[in-house]
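# Reading the structure
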Amino acid sequence: MGCCQKKKQEQLIEKNENTEMEKKNEKNENNESSQKVQEVIKVTYNDFEPLKLLGTGSFGRVLLVRYNNNNMLYAMKILSKNQIKIKHQEEHTKTERDLMVKINSPFIVNIKFAFQDESKLYIVSDFMQGGDMFYHIHSNKKFEENRAKFYAIELILGLEFLHKNNMIYRDLKPENLLMDSKGHLKISDFGLSKILDSPDEKAYTLCGTPQYLAPEILKNKGYDKSVDWWSLGCFLYEMLTGFLPFYIPKGNKINPKVFEEPLRFPPNINPVAVNLISQLLNTNPKKRLGYGEEDAEKIKKHKYFDGVEWEKYANKEFDAPFIPEFDNEMDLRYFDKMFTDEPIDSNRPTVNSRPREHSVYQDFTYVTESVKNNLMENGMNDNKNGKDDNDNDS
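Residues numbered from 1 in each chain as written. Predicted model: local features only at pLDDT ≥ 70, side-chain atom pairs only at ≥ 80, totals over all residues. Heavy atoms only, no water.

### Remarks on the packing of aromatic side chains
Counted under the stated rule, the structure contains 23 aromatic pairs. Where Y304 meets F305, the ring centres are 5.2 Å apart and the plane angle is 80°; that geometry is what we call edge-to-face. A single burial state applies to Y304 and to F305, both of which are buried. An aromatic cluster is built from Y45, F48, Y67, Y74, F113, F115 and Y122, whose rings are joined through pairwise contacts. Just above the ring of Y304 sits the side chain of K149; from NZ or CZ to the centre is 4.5 Å. The ring of F107 is capped by K316, whose NZ or CZ atom sits 5.2 Å from the centre of that ring. (Phe/Tyr/Trp six-rings, centres within 6.5 Å; stacked < 30°, edge-to-face > 60°. Buried < 20%, exposed > 50% of the residue type's maximum accessible area, 1.4 Å probe, protein only. Lys NZ or Arg CZ within 6 Å of the ring centre and 35° of its normal.)

Next up, the structure:
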């Protein structure tokens, strides 16, 4: 080998080594930058401006808030740790947070933040300005078939996503189905959901809303994902008729015999819709439409959905049959005034609530990637500097 050729090879090796070193240093710098952002983002309640009360629940309230860093509106769910403990719902609450972090579907409400202080848990998600389906059904009494079918299609796509990821929803009802500003539906509130270890695993917990509860849940023999298709059948029946398929008084213990009563439909309901609902509300889960490995595919193939271009619906290429109207971003006309008229100050936590990780809720804190990226691009909050507003507490 000639001297010049050997020297060129040595220079080439040195150049490659330098290039590799530069790449390694750049990667380390990016990792350090990402780690720095993770360390600095310590979200607390004081990072948000509370604007309105949107609703209440068993464990807390939901507020409309504005995030000070990006001026965006979000829905903040505030849960009392004490109430969760009293009702033994710690695992369900942790599952809700874990499930929402894993979800990425256009038909499911997205989580933006999760954090906690000494007494409360906070889950911040998309603000769905169109309100919930409970409001819309009761405002309209019932829906025209094309509108009901549109919502059913979007719900099937949302539930299909959950089922493909080994999740059972278990709480499909109008109050948990929210409408965005363009009239599309998203599934919310995953406090009763369960993440399965395998597609064949069964659940045994007695939970859900009685009026939408599949009968096998009451038998304590285990149930699978098909309980969600039962609830879909109840909801589709309600959208088309204005009534629930089974009369179950609120607050009363469910009598299983109620499910033995034959389904009754108004004479003006499309016979194909009647057939679909009847198959969804089959009390034998193994004979229910949607049971088994095919899951949502069986329902999609039903005659009621003939001609439906599922991929286009999945991409939201069709306009919703009803598009809500707003005067501004704070227009809450689709929310109950019983909540929105209540003074917001009474809902504010104590200022000195420390952002502490309770042992039961370790790793609860979460910030979505879009927010992290926004902070990296635009710089950190001036009031952060790696220190929380509450760090001066003793």
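Alright, that's what it looks like, and here's the rest.
### Let's talk about empty space enclosed by the protein
One pass over the structure, following the stated rule, counts three cavities of 30 Å³ or more. One number sums up the size of the second largest cavity: a volume of about 70 Å³. As for the second largest cavity, its lining consists of R170, D171, L172, G208, T209, Y212, L213, A214, I217, V227, D228 and S231. Along the lines of polarity and charge, the residues of the lining of the second largest cavity split into six nonpolar, three polar and three charged. (1 Å grid on protein atoms, 1.4 Å probe; cavity = no way out; pocket = protein on both sides within 12 Å on 5 of 7 lines; lining within 4 Å. Points joined across faces, edges and corners; volume = space filled by probe spheres on them. Nonpolar A, V, L, I, M, F, W, Y, C, P; charged D, E, K, R; others polar.)

### Quick word on the nonpolar core
Judged by nonpolar contacts, the single largest core of 74 residues is most densely connected at L162, F190 and F305. Contact partners of L162, with chain neighbours within four places excluded, come to L99, I103, I108, M167, Y169 and F190. Counting 18 residues, the second largest nonpolar core, distinct from the first, contains L63, M76, F113 and V124. (Core = buried A, V, L, I, M, F, W, Y, C linked by side-chain atoms within 4.5 Å. Contact = heavy atoms within 4.5 Å.)

### A word on the sheet that holds strand β10 (residues 366-367)
Taken together, six strands build an open sheet; the order of strands is β1-β2-β3-β5-β4-β10 and the sheet is antiparallel. What marks the edges here is a single partner per strand, and that holds for β1 (48-56) and β10. As defined by bridge partners, strand β4 (residues 111-116) adjoins strand β5 (residues 120-126) across five bridges and the pair is classed as antiparallel. If you follow F113 over to β5, its bridge partner there is V124. Docked against the sheet, helix α3 (residues 90-102) engages β3 (73-80), β4, β5 and β10, running at close to 30° with respect to β5. (Pairing = 2+ DSSP bridges. Helix = DSSP H or I, 4+ residues; strand = E, 2+ residues; numbered from the N terminus. Axes fitted to C-alpha atoms, helices over the stretch in contact; angles between N-to-C directions.)

### Focus on the packing of helix α5 (residues 145-164) against helix α6 (residues 227-241)
Where α5 contacts α6, the axes come no closer than 10 Å and their chain directions differ by 165°. When the axes of α5 and α6 are compared, the pair comes out roughly antiparallel. When you trace α5 past α6, the crossing you get is right-handed. From α5, E145, A148, Y151, A152, L155, I156, L159, E160 and H163 reach across to α6, where they touch D228, W229, L232, F235, L236, M239 and L240. Grouping the amino acids of the contact of α5 with α6 by side-chain chemistry returns twelve nonpolar, one polar and three charged. (Parallel < 35°, antiparallel > 145°, perpendicular 65-115°, else oblique. Left-handed = near helix turned anticlockwise from the far one by under 90°.)

### Focus on the pairing of β1
The side chains of a regular strand alternate between both faces of the sheet. Inspection of the sheet shows β1 paired to strand β2 (residues 60-67) by seven bridges, in the antiparallel sense. Bridge pairing links T56 to R61 in β2. What sits between β1 and β2 in their antiparallel hairpin is a turn of three residues.

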